[in-house]
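Analysis of the macromolecular model
The lines below spell out each chain.
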Amino acid sequence: METTSPLTGQTALVCGSTQGIGQAIAAQLARMGASVVLMARNAQALEAVRAELPQLPGQTHQMLTADFADPATVDAAVRGWLAAHEGPIHILINNTGGPPGGPILDASVDDFFSAYRMHLACSHLLVQALAPGMRDARYGRIVNIISTSVRIPISGLGVSNTTRGAMASWAKTLANELAPWGITVNSILPGFTRTERLQSLIRSRAAASGRSEAQIEEEMQRSIPAGRFGSAAEIAEAACFLASPAASYITGVSLPVDGGRTGSI
């Protein structure tokens, strides 16, 4: 008997989808039947990812090029896509690279403004563009990839901790406003996940402490009850569940996916 994939006929926009968690989410959404619109600033990298996406009957995978350091280009790109295509984007994955590390006292005011533009401003503009179509379709899923620093700040990531907290508050407020339209808004809080971002953090901690990267990695893994780093695919599984029809009664949640590391209920 032929079965239908849970996201057949739906379109998903995945930001920051050329590597790491964003790329893993795009691939999993495609496996679940969604047509995926990849979005990032590097057209060549986007094309390479699009060529590797699973392709089921009826799917059309596309790409949008925009720099999240410039919210106006992000807004223009998605509104241009909407003007050129029939039907809404049903699923939005807000995901972009974290701000540079460093103590919060060393951060400039411009560092905060830059991070807010990349994360909060771009996410807000995307929701403003896409929410009307989700409302008309009576189906919308907005999933934000944030960080466990929403619960417990991470040492050495001052600007990121501040920005991620603002994203979580924005998402919770938005969830309450959009729920009557059948649109859910949830956030994934990845813990230590094997990505280039984590490797960069390990390198910086090793350089600052005079210890080896292997020692830093071992120390970080000891702080995780599961005893290991997560994978991008594991984050993707959680995000794609929240994007599915099965998660229709879950909204306003910030879900740690961290191997048990976050020390709060």
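Structure: above.
So, here's what we can say about the structure. The structure displayed is predicted, hence computed values, not measured ones. (Residues numbered from 1 in each chain as written. Predicted model: local features only at pLDDT ≥ 70, side-chain atom pairs only at ≥ 80, totals over all residues. Heavy atoms only, no water.)

Counting its regular elements, the chain contains eight helices and seven strands. In terms of overall size, the chain behaves like a compact globule, its C-alpha atoms giving a radius of gyration of 18 Å where 265 residues would be expected to give roughly 18 Å. With respect to the three principal axes, the spread of C-alpha positions in the chain is 55 × 45 × 40 Å. When each of the 265 residues of the chain is scored for burial, the buried share is 46%. By element, 54% of the accessible surface of the chain is carried by carbon and sulfur atoms, the whole surface being about 12,400 Å². Side-chain charges in the chain split into 19 positive and 20 negative, and the spacing between the mean points of these groups amounts to 5 Å. (Helix = DSSP H or I, 4+ residues; strand = E, 2+ residues; numbered from the N terminus. Rg over C-alpha atoms; globule rule 2.2 N^0.38 Å. Buried < 20%, exposed > 50% of the residue type's maximum accessible area, 1.4 Å probe, protein only. Areas by Shrake-Rupley, 256 points an atom, 1.4 Å probe, with all protein chains shown as cover. Lys, Arg positive; Asp, Glu negative; His and termini not counted. Charge placed at Lys NZ, Arg CZ, Asp CG, Glu CD.)

Spatial ordering of the open sheet is given by S3-S2-S1-S4-S5-S6-S7, a layout of seven strands whose pairing is parallel. Lying at the two open borders of the sheet, with one neighbouring strand each, are strand S3 (62–65) and strand S7 (254–257). For this sheet, the mean inter-axis angle between neighbouring strands, taken without regard to orientation, is 20°. The sheet contact formed by strand S1 (residues 11–15) and strand S4 (residues 91–94) spans three bridges and is parallel. By the bridge assignment for S4, Leu 13 is matched with Leu 92. Relative to the sheet, helix H4 (residues 109–137) contacts S1, S4, strand S5 (140–145) and strand S6 (183–190), its axis offset from that of S4 by approximately 170°. (Pairing = 2+ DSSP bridges. Axes fitted to C-alpha atoms, helices over the stretch in contact; angles between N-to-C directions. Contact = heavy atoms within 4.5 Å.)

Ile 25, Leu 29, Val 36, Ile 93, Ile 145 and Ile 188 are the most contacted members of the largest nonpolar core, which has 33 residues in total. Broken down by secondary-structure element, the contributors of at least two residues to this core are S1, helix H1 (20–31), strand S2 (35–40), helix H2 (43–52), S4, S5 and helix H8 (232–242). If we skip the residues at most four places from it in the chain, Ile 25 touches Val 14, Ile 93, Ile 145, Ala 236, Ala 239 and Cys 240. Residues Cys 122, Leu 130, Ala 171 and Val 185 belong to the second largest nonpolar core, which totals 32 residues. (Core = buried A, V, L, I, M, F, W, Y, C linked by side-chain atoms within 4.5 Å.)

We now examine the packing of aromatic side chains. This structure, assessed with the given rule, holds one aromatic pair. Taking 6.2 Å as the distance between ring centres and 80° as the angle between the ring planes, the aromatic pair formed by Phe 192 and Phe 229 counts as edge-to-face. Of this pair, Phe 192 sits in the loop between S6 and helix H6 (196–209) while Phe 229 sits in the loop between helix H7 (213–222) and H8, and the two are 37 residues apart along the sequence. For the cation-ring pair, Arg 135 lies above Trp 181, with the distance from its terminal atom to the ring centre recorded as 5.1 Å. The ring of Tyr 139 carries the charged tip of Arg 141 above its face, separated from the ring centre by 4.1 Å. (Phe/Tyr/Trp six-rings, centres within 6.5 Å; stacked < 30°, edge-to-face > 60°. Lys NZ or Arg CZ within 6 Å of the ring centre and 35° of its normal.)

Under the definition given, this model contains eight salt bridges. One salt bridge connects Asp 75 with Arg 79, and the closest N-O pair in it is separated by 3.0 Å. One end of the pair is Asp 75 and the other is Arg 79, both in helix H3 (residues 71–84) and four residues apart, which spans about a single turn. Judged by its relative accessible area of 41%, Arg 79 falls in the partly exposed class. Of the charged contacts in the structure, one is a salt bridge between Arg 203 and Glu 196, with a shortest N-O distance of 2.5 Å. Judged by relative accessible area, which is 37%, Arg 203 ranks as partly exposed. (Salt bridge = Lys/Arg side-chain N within 4 Å of Asp/Glu carboxyl O.)

This part is about the pairing of S3. With burial as the criterion, only one face of S3 is covered, namely that bearing Gln 62 and Leu 64; the residues Met 63 and Thr 65 on the opposite face remain uncovered. Direction of pairing for S2 relative to S3: parallel, over a ladder of four bridges. Note that in S3 the partner of Met 39 across the bridge is Leu 64. For the segment spanning S2, H2 and S3, crossover handedness is right-handed. (Right-handed = clockwise from strand over helix to strand, strands pointing away.)

Bringing the state of the cysteines into the picture now. Counted under the stated rule, the structure contains zero disulfides. We note that Cys 15 lacks a disulfide partner, and the nearest cysteine sulfur, in Cys 122, lies 8.2 Å from it. Its relative accessible area of 0% is what places Cys 15 among the buried residues. (Disulfide = S-S within 2.5 Å.)

Another point: the environment of Arg 203. Here Arg 203 is to be found in helix H6. Sequence-wise, Arg 203 and Glu 217 are 14 residues apart; in three dimensions their C-alpha atoms are separated by 9.5 Å. When sequence neighbours within four positions are dropped, the list of residues in contact with Arg 203 reads Glu 196 and Glu 213.

So far we have only geometry, and geometry alone does not tell us how the molecule works.
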